Amino acid sequence: ADLDLERGNYFIAEENLQTALRSADEIDDKKSKGIIHVRLAKIYLTLNKHDKAISSVNKALEIQRLTKDYANLAETYNIQGLVYTKKKQYKIALDSYNSSRSYSELEGLDEYIAGVLLNSSIPQIALGQYKKATKDLERAIALSKKYRKYDTESMALINNAKALYHLENYDKAELKAEEGLR
């Protein structure tokens, strides 16, 4: 399924994941079921099937809470945040990102936190929470540099420029935008 996802064969990937889900169900492998539901949610998010994505996320959350699979809960809440961001339900998205960040910190997933902070900046900016966005984005930039996540760093710089622009800090916004576009 992963190879199909990379190639953009979403319908084949979905079919393979549904087959894997049935197998995980048969052997009662709860951890795998949670992971599969998250992967399905990613596909549905990509295909703009938001209701199906939310349904898959909720199933994953239920399983991962019961099994205390905190590392995967971090990812699942992040995906939930992405879905609600796409639906422009920004307050719910922020709650999801905060949960993702909490589980990431609990599990010591500092490398993952950079992406969560970047994702949370989108609803923060949409809601006019520019100072909070710049603070979180500065941390995302630092973590991205530390872990050499260049795409995340670039997008964090660009989003930081947007937030700084709204705060009327035009010079710093321009510098961040230029740095992000390099």
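Here goes a summary of the coordinates provided.

Turning our eyes to something else, we now look at unusual backbone geometry. One non-glycine residue with positive phi stands out, namely D28, at about 55 degrees. Its identity as a non-glycine residue notwithstanding, E168 has a phi of 65 degrees, on the positive side. Summarising the element assignment, E168 is placed in the loop between helix 9 (150-166) and helix 10 (170-181). Classification of E168 as exposed rests on a relative accessible area of 59%.

We now examine helix 8 (residues 130-146). Compared with the 24 Å implied by 1.5 Å per residue over 17 residues, the 24 Å span of helix 8 between its first and last C-alpha is a close match. Every buried residue of helix 8 is accounted for by Y130, A133, T134, D136, L137, A140, I141, L143 and S144. Packing partners of the buried residues in helix 8 comprise helix 6 (90-106), helix 7 (110-126) and helix 9.

Let's shift gears to the nonpolar core. Core analysis: the largest hydrophobic core is formed by 16 residues, its most contacted members being L17, I36, L40 and V83. Listing elements by their share of this core, those giving two or more residues are helix 2 (10-26), helix 3 (30-46), helix 4 (50-66), helix 5 (70-86) and helix 6. Here this core takes 5 residues from helix 3, the largest share from any one element.

We now examine the pattern of salt bridges. Counted under the stated rule, the structure contains 10 salt bridges. Notably, a salt bridge pairs K42 with E75, separated by 2.6 Å at the nearest N-O pair. On the criterion of sequence distance, the pair formed by K42 in helix 3 and E75 in helix 5 is long-range, its members being 33 residues apart. Judged by its relative accessible area of 33%, K42 is partly exposed.

Their axes nearest at 7 Å, the elements helix 5 and helix 6 cross at an angle of 160 degrees. It follows that helix 5 is roughly antiparallel to helix 6 by the angle criterion. When the axes of helix 5 and helix 6 are compared, the crossing they make is left-handed. Of helix 6, the residues touching helix 5 (which contributes Y70, L73, A74, Y77, N78, Q80, G81, L82, Y84 and T85) are Y90, I92, A93, S96, Y97, S99, S100, Y103, S104 and L106. Grouping the amino acids of the contact of helix 5 with helix 6 by side-chain chemistry returns 12 nonpolar, 8 polar and no charged.

Let's shift gears to helix 5. If you check helix 5, its first and last C-alpha atoms are 24 Å apart, about what 17 residues at 1.5 Å a residue would give, namely 24 Å. With 12 of 17 residues buried, helix 5 is to be regarded as a mostly interior element. Of all the positions in helix 5, only N72, L73, A74, T76, Y77, N78, I79, Q80, G81, V83, Y84 and T85 are classed as buried. Elements in contact with the buried residues of helix 5: helix 3, helix 4, helix 6 and helix 7. Phi for K88, located one or two positions after helix 5, is positive at around 60 degrees.

Tracing the backbone shows T152 in helix 9. Under the relative-accessibility criterion, T152 is labelled buried at 16%. Filtering out sequence-adjacent residues up to four positions away, T152 remains in contact with A114, G115, L118 and S144.

Here is what the cut-offs are and how they apply
Residues numbered from 1 in each chain as written. Predicted model: local features only at pLDDT ≥ 70, side-chain atom pairs only at ≥ 80, totals over all residues. Heavy atoms only, no water. Helix = DSSP H or I, 4+ residues; strand = E, 2+ residues; numbered from the N terminus. Buried < 20%, exposed > 50% of the residue type's maximum accessible area, 1.4 Å probe, protein only. Expected span 1.5 Å × (residues − 1). Contact = heavy atoms within 4.5 Å. Core = buried A, V, L, I, M, F, W, Y, C linked by side-chain atoms within 4.5 Å. Salt bridge = Lys/Arg side-chain N within 4 Å of Asp/Glu carboxyl O. Axes fitted to C-alpha atoms, helices over the stretch in contact; angles between N-to-C directions. Parallel < 35°, antiparallel > 145°, perpendicular 65-115°, else oblique. Left-handed = near helix turned anticlockwise from the far one by under 90°. Nonpolar A, V, L, I, M, F, W, Y, C, P; charged D, E, K, R; others polar.

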